[in-house]
2 protein chains.
Amino acid sequence: MIDDDTAREQIVTAADRLFYGRGVQAVGMDAVRAAAGVSLKRIYALFPSKDDLVVAVLQHRTQRWNAGILAATAAVGDPRDKLLAVFDFLAGWFVEEDFRGCAFINSFGELGALSPRVATTVRDQKSSFQDYVAALVHDAGAPANLAPQLAILAEGAQTTAAIAGRPDAAHQARDAAATLIEVALRPAPTPA
Amino acid sequence: MIDDDTAREQIVTAADRLFYGRGVQAVGMDAVRAAAGVSLKRIYALFPSKDDLVVAVLQHRTQRWNAGILAATAAVGDPRDKLLAVFDFLAGWFVEEDFRGCAFINSFGELGALSPRVATTVRDQKSSFQDYVAALVHDAGAPANLAPQLAILAEGAQTTAAIAGRPDAAHQARDAAATLIEVALRPAPTPA
DNA sequence: CGCAACGGAGAACGATCGTTCTCCCACGGA
DNA sequence: TCCGTGGGAGAACGATCGTTCTCCGTTGCG
């Protein structure tokens, strides 16, 4: 017998892989059951509806994302390098073989208009990422308006890498970020 | 009787509004029929499958996008301002009441793994946009690596505006673009 | 050892979807 | 006027989906 916690984890992990790879609506609950190795009854006992499962998958991804970003930025010391480390983290992600874009963006586009809970879950993730970037920007001593600019670069790199299939979008975004950071930290030039 | 061309347009226009507002898979062909005011038989005579209709809708959107970008950039003279005009165009788009992100990104996330034709149609659109930005960058006399940076900013602004519901992502991206353009056009500073 | 509760496997159900087919009316040529 | 073609309205069909239910074996406890 499998206890509830590991069953939850198996279900969420299997559903995550399937949803991310094919899209949510293209994956039936029976496919999740087969991949997770548990019964449908068990799934519905732990997640009352597919919507609940989707939300749980997204929250699980949020935790993995937060841990990855935290580890990437903790590995370097300089606050400026922490900001750039975010884009290095993206670069490592984009070259994974099953990379298919940002699961939150994908889910929002597919379900944002249908499921308010999915929409708010995605919004919360994006909002917390923006907050984290804003904190790094603050630590680096740069003006606050740099933060949304870097966040936009990160978002754009994800969709560009996914659609064009070009992982170097991370490097291009990193270069742009480096320029923006440098300008933001440089004292205002004396007018000619 | 409606001739084929106007029927096509009615179908594509209605399907576009429905697909964009709710997502493709959430809209049945019967809903398209009701919104377009034509018979199902007619729809399937003009578009052999839903996949064909989706591709036609995306191609229709590509034409509208190209026309909008072209008009926005044609309204200004300076090549540098043409680049910034792209973001002004985005700003005007983001405040439309039914704005729900980039239809290409949304469709790719929802159907990219299921329909190769949809995937390539989306890729073609993004690729042609990148080419256009690259041409503007070239006209402005800036190095070529500026183009993907600006394109990434545009992509990120679209998803940020859609998910966070904050249309000012266009202005933030525009500010970042202005900085990147300025740096790219400025001669290399003499080292201190 | 007996029984009751639980979980697995999978059938079943109702809804919906993409697609096709049927029926019927309107209209244009001999 | 009569007939044949074409298109509209909508039923029909087969597949699939989310969700529930049935049946049965197992297991833990008295």
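Note that the structure is predicted; figures quoted are calculated from it, not measured.

Visitor: Looking at this structure, I do not really get helix α8 (residues 146-164) of chain B. What am I missing?
Guide: Every α-helical turn comprises 3.6 residues, leaving residues that sit three or four positions apart pointing alike. Residues and elements named next belong to chain B. The end-to-end C-alpha distance of α8, which contains 19 residues, comes to 26 Å, matching closely the 27 Å that a straight helix rising 1.5 Å per residue would cover. Across the 19 residues that make up α8, a large majority, 18, are buried. Just downstream of α8 lies glycine 165, where phi reads positive at about 65 degrees.

Visitor: What is the right way to look at the relation of the copies chain A and chain B in this model?
Guide: The two chain copies are connected by a rotation around an axis plus a translation along it. When chain A is fitted to chain B, the best match, at an RMSD of 0.0 Å, comes from turning it 180 degrees and sliding it 0.0 Å along the axis. Given the turn and translation reported, the copies of this chain are related as if by a two-fold rotation axis. Across chain A, the rotation axis passes nearest the C-alpha of glycine 156 of chain A, at a separation of 1.8 Å. Mapped onto chain B, 100% of the interface residues of chain A are again interface residues, and the two copies thus contact each other with one and the same surface.

Visitor: Could you clarify how one ought to interpret the protein's contact with DNA strand D in this entry?
Guide: Around DNA strand D, the surrounding shell holds 12 residues, and the nearest of these are Gly28, Met29, Tyr44 and Lys50 of chain A together with Lys41 of chain B. The sugar-phosphate share of atoms of DNA strand D within 4 Å of the protein amounts to 61%. A distance of 2.7 Å separates a phosphate oxygen of DNA strand D from a polar atom in the backbone of methionine 29 of chain A. Serine 39 of chain B is positioned such that a nitrogen or oxygen atom in its side chain is 3.0 Å from a phosphate oxygen of DNA strand D. Mapped by element, the contributors of at least two residues to the surface near DNA strand D are α3 (40-46) of chain A together with α3 (40-46) of chain B. Here the surface near DNA strand D is composed, by residue class, of five nonpolar, three polar and four charged.

Visitor: I would appreciate a short explanation of the interface of chain A and chain B in the present structure.
Guide: Many structure descriptions define interface size as the accessible area lost when the parts assemble. The interface of chain A with chain B comprises 38 residues on the first partner and 38 residues on the second. For the pair chain A and chain B, the summed buried surface comes to about 3,200 Å²; carbon and sulfur atoms form 66% of the total. The tally of links from chain A across to chain B stands at zero salt bridges. On inspection of chain A and its partner chain B, the count reaches eight residue pairs in polar contact (both at pLDDT 80 or more). For the side of chain A that touches chain B, the elements supplying multiple residues, two or more each, are α1 (4-22), α6 (103-111), α7 (116-139), α8 (146-164) and α9 (169-185) of chain A. Among the residues forming the side of chain A that touches chain B, the class breakdown is 17 nonpolar, 12 polar and nine charged.

What counts and what doesn't
Residues numbered from 1 in each chain as written. Chains lettered and ligands numbered in written order. Predicted model: local features only at pLDDT ≥ 70, side-chain atom pairs only at ≥ 80, totals over all residues. Heavy atoms only, no water. Helix = DSSP H or I, 4+ residues; strand = E, 2+ residues; numbered from the N terminus. Expected span 1.5 Å × (residues − 1). Buried < 20%, exposed > 50% of the residue type's maximum accessible area, 1.4 Å probe, protein only. Least-squares fit on C-alpha atoms with pLDDT ≥ 70 in both. Contact = heavy atoms within 4.5 Å. Near = heavy atom within 4 Å. Polar contact = N/O pair within 3.5 Å; in protein donor to acceptor, adjacent residues only side chain to side chain. Nonpolar A, V, L, I, M, F, W, Y, C, P; charged D, E, K, R; others polar. Buried area = accessible area lost by both parts, 1.4 Å probe. Salt bridge = Lys/Arg side-chain N within 4 Å of Asp/Glu carboxyl O.

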